[in-house]
Amino acid sequence: LGIKVSIVEPGPFRTDWAGGSMKYPSSIIEDYIQTAGKIKQILSNVNGVQPGDPIKGSEAIIHITEVENPPLRLALGKIAVDTIRKKLDWVSKEITEWEKLSIGADYTK
């Protein structure tokens, strides 16, 4: 049908997402202070200084709608690229570590 799909995976962009438009619950659950609480603090600290330029990010998204073969995934920003590469390295290492067991699940001839 000629439908093309791209997954946009942005890093942090300098929008109001982590600022006034962010909504937090009114009550704090003590068990989550070391996890979700830390993320909340990180978001508060980076608001307004994120490296991603929303105009350039928007232009990149528009660009992939105009090319013949757009990417399935488009990482936007250096942090997004670096984060995805780290995950790929981790997944590759784990697959290698467990490859024998994984392949052993096939029928044998």
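As shown above, the structure is provided for reference.
Residues numbered from 1 in each chain as written. Predicted model: local features only at pLDDT ≥ 70, side-chain atom pairs only at ≥ 80, totals over all residues. Heavy atoms only, no water.

## Thoughts on the side chain of Gln 50
- Within the secondary structure, Gln 50 is located in the loop between α1 (36-46) and α2 (54-65).
- Given the relative accessible area of 4%, Gln 50 is considered buried.
- One polar contact links the side chain of Gln 50 to the main-chain amide nitrogen of Gly 48, over a distance of 2.8 Å.
- Excluding its chain neighbours within four sequence positions, the residues that come into contact with Gln 50 are Pro 12, Phe 13, Arg 14, Thr 15 and Ala 18. (Helix = DSSP H or I, 4+ residues; strand = E, 2+ residues; numbered from the N terminus. Buried < 20%, exposed > 50% of the residue type's maximum accessible area, 1.4 Å probe, protein only. Polar contact = N/O pair within 3.5 Å; in protein donor to acceptor, adjacent residues only side chain to side chain. Contact = heavy atoms within 4.5 Å.)

## A look at the pattern of salt bridges
- Taken as a whole, this structure holds 3 salt bridges when the rule is applied.
- Glu 68 serves as the salt-bridge partner of Lys 4, at 3.8 Å between the closest nitrogen and oxygen. Of this pair, Lys 4 sits in the segment before β1 (7-10) while Glu 68 sits in the loop between α2 and β2 (73-76), and the two are 64 residues apart along the sequence.
- Given the relative accessible area of 59%, Glu 68 is considered exposed.
- Across the pair Arg 73 and Glu 9 runs a salt bridge, and its minimum N-O distance is 3.7 Å. (Salt bridge = Lys/Arg side-chain N within 4 Å of Asp/Glu carboxyl O.)

## Brief notes about helix α3 (residues 78-97)
- Its 20 residues give α3 an end-to-end C-alpha distance of 29 Å, which sits within 8% of 28 Å, the value for a rise of 1.5 Å per residue.
- Burial of α3 is sparse: only 1 of the 20 residues sit out of reach of the surface. (Expected span 1.5 Å × (residues − 1).)

## A closer look at α2
- A rise of 1.5 Å per residue sets the reference length of α2, with its 12 residues, at 16 Å; its end C-alpha atoms lie 17 Å apart and thus fit the reference within 8%.
- Capping the start of α2 is the job of one residue whose side-chain oxygen sits 2.9 Å from the backbone nitrogen of Ile 55: Asp 53.

## Some points on the pairing of β2
- Every second residue of β2 is oriented toward a common face, the buried set being Leu 74 and Leu 76 and the non-buried set Arg 73 and Ala 75.
- Bridging between β1 and β2 involves 4 bridges; their strand directions are parallel. When the bridges of β2 are listed, Ile 7 appears paired with Arg 73. (Pairing = 2+ DSSP bridges.)

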